[in-house]
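Chain by chain, the residues:
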Amino acid sequence: MDRVLDTAEKIRSMEIRGAGRIATAAAAALRDFSRDLQVQSLNEFDIEMQRAADVLLMTRPTAVSLSNAIRLVMKYRVDDLESARRAVIENADRFIENSQKAVEKIGQIGSRRIRDGDTVLTHCNSLAAISVISAAHKSGKKIKVIATESRPRFQGITTIGMLDKLGIETELIVDSAARSVMNEVDLVVVGADVITANGTLVNKIGTAQIALAAREARTSFMVAAETYKFSPKTILGELVTIEERDPQEVLPGIAQYKHVKVRNPAFDVTPHQYIDLICTEAGAIPPEMSYLIIKERLGWEMEEDG
Ligand code: RI2
């Protein structure tokens, strides 16, 4: 269990972060846990695996990639212990491999929307969004990126580091400068933590303001998201929980103010009307088609509710 607890702590503290990365880290932790699990019966295996899955599930409440990954890894319907172990290992390896392929494919598809000479704005640090930008750059298009800082955790600094390594011309702005630069931007590309059945996007705090600014400036707004970022339970009307993190992340000295409370929601909600396109490994779709992704790609059945 140590490895599972260690991964869970790294996800909680955001040492491992990004919706895709936490999903693959959880899959790998379950795989390794199942491999080393010393039990005598399938029943004991089921109980221990579920315990580990629950520990991982509780780490970050918003990103549906985590629960989708865990659900896929835990899908083993077999009659004996060793087959169960094998199935978990295969499921996890398949999920991790598919996740990497999906990010690449999203890059190929999404980069077609970027033209030579375009300026692209991105927010936070999304591997899927960076895959789109990097594929456009690698195909020879001359592009410029504007990256937001993404307070309070400054994931934008990770983004500019990655873009710099790729040799892409990049400008860093404070989050509140998004509207000021929007008239220079041809396309906004962001990642996703959750996409609901009606195409609503839940992503890093600040995304909704950027989408609003993009709409007002008539700038295209694209979401880059693997299909496991879509939330099956939203078909049943379930609302997405928005994670509120420690106020210390925003203002370490908050304790000195007696009447002030710092709010630190990690994500916000962008309505589907503000989104031009969601680029997935299954193709670039309008947000209104999200329901079909859930039904056809995630293979999620109503009876799995619970
Ligand atoms: P990829 C991140 O969440 C950001 O909100 C980002 O847009 C999203 O995950 C998707 O990232 P956080 O973990 O999966 O920084 O595309 O809170 O890498």
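Everything that follows concerns the structure shown earlier in this document.
Described below are features of the structure shown in this document. Being a predicted model, the structure only gives us computed values, none of them experimental.

What follows deals with the pairing of strand β1 (residues 119-122). Every second residue of β1 is oriented toward a common face, with Thr119 and Leu121 on one face and Val120 and Thr122 on the other, all of them buried. Summarising the sheet, β1 and strand β2 (residues 144-148) pair through four bridges and their orientation is parallel. Bridge pairing links Val120 to Val145 in β2. Between β1 and its parallel partner β2, the chain crosses via helix α6 (residues 127-138), and the hand of that crossover is right-handed. Relative to strand β4 (residues 187-190), β1 runs parallel, the two sharing two bridges. Bridged to Leu121 within β4 is Val188.

Moving on: the sheet that holds β1. Ordered by their spatial adjacency, seven strands build an open sheet running β3-β2-β1-β4-β7-β9-β10, and the pairing between neighbours is mixed. Pairing within the sheet leaves two strands with one partner each, and these edge strands are β3 (169-173) and β10 (283-285). Pairs of neighbouring strands in the sheet enclose a mean axial angle of 25°, with direction left out of account. Sheet topology note: the strand β9 (residues 277-280)/β10 ladder contains three bridges and is antiparallel. Pairing of Thr280 across the sheet is with Gly283, part of β10.

What follows is about the site of the ligand. With respect to spatial proximity, 20 residues lie near the ligand, and among them Gly20, Ser126, Asp193, Asn203 and Lys204 are the closest. A distance of 3.2 Å separates an oxygen atom of the ligand from a polar atom in the backbone of Ala128. Notes on the ligand: free accessible area 450 Å², of which the protein chains cover 100%. Sorting elements by how many residues they give to the shell around the ligand places helix α2 (residues 19-36) first, with three residues.

It is worth spelling out the pattern of salt bridges at this point. Counted according to the given criterion, the structure contains 21 salt bridges. The partner of Asp32 in a salt bridge is Arg3, with the nearest N and O atoms 2.0 Å apart. With Asp32 in helix α2 and Arg3 in helix α1 (residues 2-12), this residue pair connects regions lying 29 residues apart in the sequence. Its relative accessible area of 40% is what places Arg3 among the partly exposed residues. Note that Asp186 and Arg115 form a salt bridge whose closest N and O atoms lie 3.7 Å from each other. Linking Asp186 in the loop between α8 (178-181) and β4 with Arg115 in the loop between α5 (81-111) and β1, this pair joins segments that are 71 residues apart in sequence. Asp186 gets classed as partly exposed once you look at its relative accessible area, which sits at 29%. Overall, Arg115 belongs to the exposed group, its relative accessible area being 52%. Several salt bridges converge on common partners, so that one network encompasses Arg3, Arg31, Asp32, Arg35 and Asp93.

Further remarks concern the packing of helix α3 (residues 42-57) against helix α4 (residues 64-73). Between α3 and α4, the shortest axis-to-axis distance is 10 Å and the interhelical angle comes to 170°. The angle between the axes of α3 and α4 places the two elements in the roughly antiparallel class. Contacts from Ala53, Leu56 and Leu57 in α3 reach Leu66, Ser67 and Ile70 in α4. For the contact of α3 with α4, a count of residues per class yields five nonpolar, one polar and no charged.

Our next topic: empty space enclosed by the protein. Which parts of space are left empty comes out when a probe the size of a water molecule is rolled across the atoms. Under the criterion given, the structure shown has one cavity of 30 Å³ or more. Taken as a whole, the largest cavity encloses approximately 50 Å³ of empty space. Every residue lining the largest cavity is listed: Arg151, Pro152, Arg153, Gln155, Lys204, Ile205, Arg245, Glu249, Asn264, Pro265 and Ala266. Taken together, the residues that form the lining of the largest cavity break down as four nonpolar, two polar and five charged.

The alternating pattern of β9 places Leu277 and Cys279 and Ile278 and Thr280 on opposite faces, both of which are buried. Two elements, strand β7 (residues 220-224) and β9, share three bridges in a ladder whose sense is parallel. Opposite Val223, over in β9, you have Ile278 as the bridge partner. Connecting β9 to the antiparallel partner β10 that follows it, the hairpin turn spans two residues.

This part covers the nonpolar core. Counting residues in each nonpolar core, the largest one holds 62 residues, and the members touching the most others are Leu30, Phe45, Met49, Tyr76, Val188, Phe221 and Val223. Not counting chain neighbours up to four residues away, the residues in contact with Val223 comprise Val190, Gly191, Ala192, Ile195, Leu201, Ile275, Leu277, Ile278 and Cys279.

The rules behind these values
- Residues numbered from 1 in each chain as written.
- Predicted model: local features only at pLDDT ≥ 70, side-chain atom pairs only at ≥ 80, totals over all residues.
- Heavy atoms only, no water.
- Buried < 20%, exposed > 50% of the residue type's maximum accessible area, 1.4 Å probe, protein only.
- Helix = DSSP H or I, 4+ residues; strand = E, 2+ residues; numbered from the N terminus.
- Pairing = 2+ DSSP bridges.
- Right-handed = clockwise from strand over helix to strand, strands pointing away.
- Axes fitted to C-alpha atoms, helices over the stretch in contact; angles between N-to-C directions.
- Near = heavy atom within 4 Å.
- Polar contact = N/O pair within 3.5 Å; in protein donor to acceptor, adjacent residues only side chain to side chain.
- Areas by Shrake-Rupley, 256 points an atom, 1.4 Å probe, with all protein chains shown as cover.
- Salt bridge = Lys/Arg side-chain N within 4 Å of Asp/Glu carboxyl O.
- Parallel < 35°, antiparallel > 145°, perpendicular 65-115°, else oblique.
- Contact = heavy atoms within 4.5 Å.
- Nonpolar A, V, L, I, M, F, W, Y, C, P; charged D, E, K, R; others polar.
- 1 Å grid on protein atoms, 1.4 Å probe; cavity = no way out; pocket = protein on both sides within 12 Å on 5 of 7 lines; lining within 4 Å.
- Points joined across faces, edges and corners; volume = space filled by probe spheres on them.
- Core = buried A, V, L, I, M, F, W, Y, C linked by side-chain atoms within 4.5 Å.

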